[in-house]
Amino acid sequence: MSDQNDDFSAGERLARSSRNAPPPRRQPSPRGPRAPRPPRRRSLIGGIVGFFISSLYRLVFLAVIAGIILAGGAFLYFSAGLPSIESLKTYKPPLESRIYAANFQLLAEVGTQHSIYVPYSQIPQVVQEAFISAEDRLFWVEPGINPLAIIRAGLTDVARIGSGRRPLGASTITQQVVKNMLLDNHITFGTKVKEAILAMRVSQAMSKQQVLTLYLNEVDLGQNSFGVAAAAQTYFDEPLSQLDIAQAATLAALPKAPTSYNPFLHPQASLQRRNFVIGRMLADGVINAAQAAAAQAEPLLPKAGQAQQGVPDGGYFADAVRAQLVQKFGADAVNTGGLIVRTSLNPALQEAATTAVRNGLERYDRDYDGWHGLVAHLNDPSLAADWQTLLTKQSTPAGLRHGWRLGIVLSAAGNSASIGTSDPNSGAPASGTLPLANMRWARPRVHGYLGTHPSSTADVLHPGDVIIVSGDLKSLSLEQIPKVQGALISMDPATGRIVAMVGGWSHDMSPYNRAIQAQRQPGSSVKPLVYLTAMEQNIQPDAQVLDGPFVQVMPDGTVYRPGNYENSFQGPVPIFHALEQSLNLATLHLARQITLPAIAKTFQDFGIIDKMPPYYPSAIGAIDTTLWKMTTAYASLDQYGRLVTPSIIDSVTNPDGTLLYQAPDEQCANCVNGDPNQPPQLTNPGQQVADADSVYQMLTMMRGVVLRGTGVPAVQGISQPVAGKTGTTNNFNDAWFIGFTPGIVTGCWVGFDTPSNLGENETGGNVCGPIWNEYMKVALKNQPPVDFAAPAGMTLQQVPEPDGQMVTEAFKPGQSPGAQNANGLLGGGMDGLGGSGNGGALTAPQSGGAPGAPPAPSSIDKSLGGLY
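Thresholds, definitions, all that
- Residues numbered from 1 in each chain as written.
- Predicted model: local features only at pLDDT ≥ 70, side-chain atom pairs only at ≥ 80, totals over all residues.
- Heavy atoms only, no water.
- Helix = DSSP H or I, 4+ residues; strand = E, 2+ residues; numbered from the N terminus.
- Buried < 20%, exposed > 50% of the residue type's maximum accessible area, 1.4 Å probe, protein only.
- Contact = heavy atoms within 4.5 Å.
- pLDDT = per-residue confidence, 0-100.
- Core = buried A, V, L, I, M, F, W, Y, C linked by side-chain atoms within 4.5 Å.
- Pairing = 2+ DSSP bridges.
- Axes fitted to C-alpha atoms, helices over the stretch in contact; angles between N-to-C directions.
- Salt bridge = Lys/Arg side-chain N within 4 Å of Asp/Glu carboxyl O.
- Phe/Tyr/Trp six-rings, centres within 6.5 Å; stacked < 30°, edge-to-face > 60°.
- Polar contact = N/O pair within 3.5 Å; in protein donor to acceptor, adjacent residues only side chain to side chain.
- Expected span 1.5 Å × (residues − 1).
- Patch = residues over 30% accessible without salt bridge, like charges linked within 9 Å, V, L, I, M, F, W, Y side chains within 5 Å.
- Areas by Shrake-Rupley, 256 points an atom, 1.4 Å probe, with all protein chains shown as cover.
- Parallel < 35°, antiparallel > 145°, perpendicular 65-115°, else oblique.
- Nonpolar A, V, L, I, M, F, W, Y, C, P; charged D, E, K, R; others polar.

What's the story with the overall build of the protein chain in this structure? I'm lost.
Helix and strand counts for the protein chain come out as 24 helices and 28 strands. Within the span of the protein chain, comprising 868 residues, buried residues form 49% of the whole. In the protein chain, the proportion of contacts linking residues at least 24 apart, taken out of those at least 6 apart, comes to 70%.

Would you mind showing me how to read the confidence of the model for the protein chain here?
The predicted coordinates should not be examined in detail at positions where pLDDT is low. The predicted model of the protein chain averages 85 in pLDDT, with 80% of residues at 70 or higher. Segment residues 1-31 is flagged for pLDDT under 50; beyond a separation of four residues in sequence, or across chains, it makes 8 contacts in the model. The model gives residues 830-863 a pLDDT under 50, and that stretch makes 75 contacts with residues more than four places away or in other chains.

Would you mind showing me how to read helix α5 (residues 125-135) here?
Because the α-helix completes a turn every 3.6 residues, residues three or four places apart line up on one side. When you tally the buried positions in α5, you get 10 out of 11 residues, the bulk of the element. All buried positions along α5 are accounted for by Val 126, Val 127, Gln 128, Glu 129, Ala 130, Phe 131, Ile 132, Ser 133, Ala 134 and Glu 135.

What am I meant to see in the nonpolar core here?
In a soluble, globular protein the nonpolar side chains are often hidden away together inside. Of all hydrophobic cores here, the largest spans 93 residues; its most connected members are Ile 575 and Phe 603. In this structure, Phe 603 is in contact with Val 526, Leu 529, Val 530, Ile 608, Ile 609, Met 612, Ser 618 and Ile 623, ignoring residues within four places of it in sequence. Grouped together as the second largest cluster of nonpolar side chains are 48 residues, Val 127, Leu 243, Ile 278 and Ala 295 included.

Looking at this model, I keep getting lost on the sheet that holds strand β21 (residues 659-662). Mind explaining?
Strands in a sheet are paired, the pairing made by backbone hydrogen bonds, and the direction either parallel or antiparallel. Taken together, the 5 strands give an open sheet; going across it, the order is β2-β1-β5-β20-β21, and neighbouring strands pair in mixed fashion. The sheet is open, and its two edges are formed by β2 (106-110) and β21, each paired on a single side. Taken over all neighbouring pairs, the strand axes of this sheet differ in orientation by 15° on average, direction set aside. Sheet topology note: the strand β1 (residues 97-100)/strand β5 (residues 340-343) ladder contains 3 bridges and is parallel. Each bridged residue has a counterpart across the sheet, and for Arg 98 the counterpart in β5 is Ile 340. Where helix α14 (residues 315-329) meets the sheet, its contacts fall on β1, β2, β5, β20 (649-653) and β21, and the angle it forms with β20 comes to roughly 55°.

Sorry, what's going on with the pattern of salt bridges here?
If the charged atoms of two oppositely charged side chains come close together, the side chains can form a pair. Following the criterion strictly, the structure yields 16 salt bridges and no others. Note that Arg 708 and Glu 580 form a salt bridge whose closest N and O atoms lie 2.6 Å from each other. One end of the pair, Arg 708, is in helix α23 (residues 692-708); the other, Glu 580, is in helix α19 (residues 575-580), and 128 residues separate them in sequence. Residue classification places Glu 580 among the buried positions, given a relative accessible area of 0%. The residue Lys 601 makes a salt bridge to Asp 605 at a minimum N-O spacing of 2.7 Å.

Would you take a moment to explain unusual backbone geometry for this structure?
Positive phi, close to 55°, is recorded for Gln 223, a residue that is not glycine. Following the sequence through the fold, Gln 223 ends up in the loop between α9 (208-218) and β4 (225-226). A residue is classified by how much of its surface remains accessible, and Gln 223, at 40% relative accessible area, is partly exposed. Non-glycine residue Ser 582 carries a positive phi angle of around 55°. Within the secondary structure, Ser 582 sits in the loop between α19 and α20 (584-594). When its relative accessible area of 2% is taken as the criterion, Ser 582 is described as buried.

Hey, could you run me through the packing of aromatic side chains in this one?
The description of an aromatic ring pair rests on the distance of the ring centres and on the angle between the ring planes. One pass over the structure, following the stated rule, counts 12 aromatic pairs. Look at Tyr 634 and Phe 740: their rings are 6.2 Å apart centre to centre, the planes differ by 80°, and that puts the pair in the edge-to-face class. Taken as a pair, Tyr 634 in helix α22 (residues 627-638) and Phe 740 in strand β25 (residues 734-740) lie far apart in primary sequence, 106 residues in all. On the accessibility criterion, Tyr 634 (1% relative accessible area) is buried. Both rings, one in Tyr 640 and one in Tyr 696, keep their centres 6.4 Å apart while their planes meet at 10°; by these two values the pair is stacked.

When you look at the sheet that holds β25 in this model, what are you seeing that I'm missing?
With respect to topology, 5 strands assemble into an open sheet ordered β15-β14-β26-β25-β24, the strand pairing being antiparallel. Looking at the sheet topology across the chains shown, the edges are occupied by β15 (497-502) and β24 (723-728). For this sheet, the mean inter-axis angle between neighbouring strands, taken without regard to orientation, is 10°. Both strand β14 (residues 485-492) and β15 contribute to a ladder of 5 bridges, which runs antiparallel. Following the sheet pairing, Ile 489 is matched in β15 by Met 501. Contacts from helix α24 (residues 764-779) reach β14, β15, β24, β25 and β26 (745-751) within the one sheet, and its direction differs from that of β25 by about 40°.

Mind showing me how you'd approach the side chain of Arg 358 here?
Here Arg 358 is to be found in helix α16 (residues 347-368). The class for Arg 358 is buried, based on a relative accessible area of 9%. There is a polar contact of 3.3 Å between the side chain of Arg 358 and the side chain of Asp 313. In this structure, Arg 358 is in contact with Asp 313, Arg 401, Trp 505 and Ser 506, ignoring residues within four places of it in sequence.

Can you walk me through the environment of Val 786 in this structure?
Along the chain, Val 786 falls in the loop between α24 and β27 (795-800). Its relative accessible area of 47% is what places Val 786 among the partly exposed residues. In the structure, Val 786 is positioned 43 residues away from Gly 743 in sequence and 8.5 Å away in space, judged by C-alpha atoms. Apart from residues lying up to four places away in sequence, Val 786 is in contact with Pro 721 and Pro 742.

Can you walk me through the pairing of β1 in this structure?
Consecutive side chains of a regular strand alternate in pointing toward one face of the sheet and then the other. Here β1 shows two buried faces, one formed by Ser 97 and Ile 99 and the other by Arg 98 and Tyr 100. Where β1 and β2 come together, 4 bridges link them in antiparallel fashion. When the sheet's bridge partners are listed, Arg 98 is paired in β2 with Glu 109. Joining the antiparallel neighbours β1 and β2 is a turn of 5 residues, in which Phe 104 adopts a positive phi near 70°.

Is there a simple way to explain α23 in this structure?
Here α23 contains 17 residues, and its C-alpha end-to-end distance of 24 Å stays within 8% of the 24 Å for a straight helix at 1.5 Å per residue. Burial analysis of α23 places 12 of its 17 residues in the buried class, the great majority of the element. All of the buried residues along α23 are Ser 694, Val 695, Tyr 696, Gln 697, Met 698, Leu 699, Thr 700, Met 701, Met 702, Gly 704, Val 705 and Val 706. Where α23 begins, the side chain of Asp 691 points an oxygen toward the backbone nitrogen of Asp 693, at a separation of 3.2 Å.

In this structure, what is going on with a nonpolar patch on the surface? I would like to understand it.
Judged by side-chain polarity, Ile 45, Val 49, Ile 53 and Tyr 57 come together as a nonpolar surface patch covering roughly 410 Å² of accessible area. Given the relative accessible area of 43%, Val 49 is considered partly exposed.

What is the right way to look at the packing of helix α12 (residues 267-283) against helix α13 (residues 289-297) in this model?
Packed helix pairs are specified by the crossing angle of their axes together with the interaxial distance, meaning the distance between the axes. The geometry of α12 relative to α13 is characterised by a closest axis approach of 10 Å and an angle of 175° between their N-to-C directions. By the criterion of interaxial angle, the relationship of α12 to α13 is roughly antiparallel. Here α12 contributes Arg 274, Asn 275, Ile 278, Gly 279 and Leu 282 to the contact with α13, which in turn contributes Ala 289, Ala 292, Ala 295 and Gln 296. Looking at the contact of α12 with α13 residue by residue, the classes come out as 5 nonpolar, 3 polar and 1 charged.

In structure tokens:
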């Protein structure tokens, strides 16, 4: 035992003995001189100190072991289920798709967030430095986390317990990448641990340049802009490469609080934060004092970027492109795949089309709808003194044309009205004068009926009326948004490429695309396909057809007894004349001759309807179709019976330039061994659905429609050869004109969204013709007058109109003028009513009819089919 005890120190032996022995008793000291005291107290203190040191070592050791165990357990716990960082190495940020016109002018951007990806090499150094100074000054040297910042944030957060304030994040740039791209944005102890673990992994697996590239392309900078390139466009309307120090610092100020430091919403806070970032950049040595002073002295001046739609009034076209992209690639690829889409849209023609449609709708609206443009009425006693404030409180209606603006009627009497509005040049509030002459069109409605033209401005306007005006302050004009709607499609018939599309008055008011979506009756615009069917049955253009009574028993037992637009008959007329004048009865007699199944096949082959109802009203347009389908069918006529497939998308590529889609291959008829002085003749391969000779006969007849018939208003002042046809449905509900030259085909439709009467004599030629004319004058400007080429063997010969005028029509080989007239009239008879096959004996005409025409019936049925 003694040997074992010798192994311990005196302090330890003392400690052990003191633990085991009872307390010592105090002994009396001997008398006489005090002997030297032995060092027992020093030994006792040393033993105690040694004991505590030994215990502390043990406790530290145990604490370290416990800490390691706890840290390891926590690491294992929080590491479980963490996302892999491998996705970051191949990460592709969600990019909006960009849609361009044919000239690469931006048309629209499609996506859930506004972002533009830029590689590291294209991110300016000043932008990198601004964000590093603002967000993570030790970015280049830290291991993904900043331990000192974490401790500081932890101590601060402890002090804030119970304050309700948001805890400090202490996130490095790497941690922000992890949080934004791998985790959620909720700040808890658990998520911060996970964030730190992942940040260290990312720092080991990826270079700092890769991490910074991810961050600067993905960081939320407000205004739905993600990444520095998108934010540069949003806030400054500048490319990223053009940002200066102050602008870079403005963007770098945003990650801390994108809304609170938004330069549009909070300019003062944004300016202070920007200058703070500039000071950080100076302290970090990335800029010098002179640069810092100049940058801090620079005004904030945020400039809003361009609206998403770059081509004016291209919304309907952009929506159609978006719908096709989703159909081809899926919504996710379109919204986040960064597709680069080139379309067929011609911005100059799109502008011309929009202007022509709006001008035409305005003309109609002023002539037939009178005054309905009151925006609001203000009964406010402060009107005269404070109209400027009242005006600023009014929301601007959607659909205003360029130059239109709101105004408040201050007074109205006699030949002028005083209007409080804004200066068209400066935009500042200013009063102007509205002369009576500039609002004479504004006929008021009285008990629902259109009244007379106003004789005083007070007949229409009253103080407090909020109206729409345009023009100079000295001579304002009264404006209003029409109730009537219209649509236009223009196409290159050789390729099927749509170059312009208008779907209504304003996409902002109504995105419903009437050019594509509206199912309307085409009326007489289907007649060229009926007459083409006759031509394919080898009937000549000058063959005689009866323009007389037509009676048909319908399947439900009712009697269908249609009439002509003029309520008269012309008797026997040549086929070409029946088309020129859009004679319903002659068309129906011809339909009876060539049969409804044959007409149905032509309608279906040209794509205007999937299945034609087998009734005679279908032959004069009592079917439902769209302007898109009708214009495409006319394009196939322009191409001599070759089926044309319309297209609005030329190509689609992904962000790295890989071609994903290209419109069907174009063929060039004269690119090899052709005349080098002639432009290439491009076509798309398409099925031949009608023989070229018959189509050429139709083209010639349709030229007569615009030269002598119902389509004359459409071609006034146009020198190029045009073929076309009008369409007017029953009750004047729909007005159409579709026409073409060898190089361009354009279709127009006008009507109310809820079908109703456009007005007496508001035919396709009168309503749509001027719209078509205005647009085509722009489209055909500087174009040579190229005629429709005649197929081999076809001849043009003179034939007489009913009034004796000689006109030119096309004849196939073996045909000659008048050769078929000896066979009698085409059509005739009254199916189901026992009429004779030739329509019965012809009697003297009523007034205005042709010699030999039968009298008009006392009543006719115009409820089915076209009128004109």
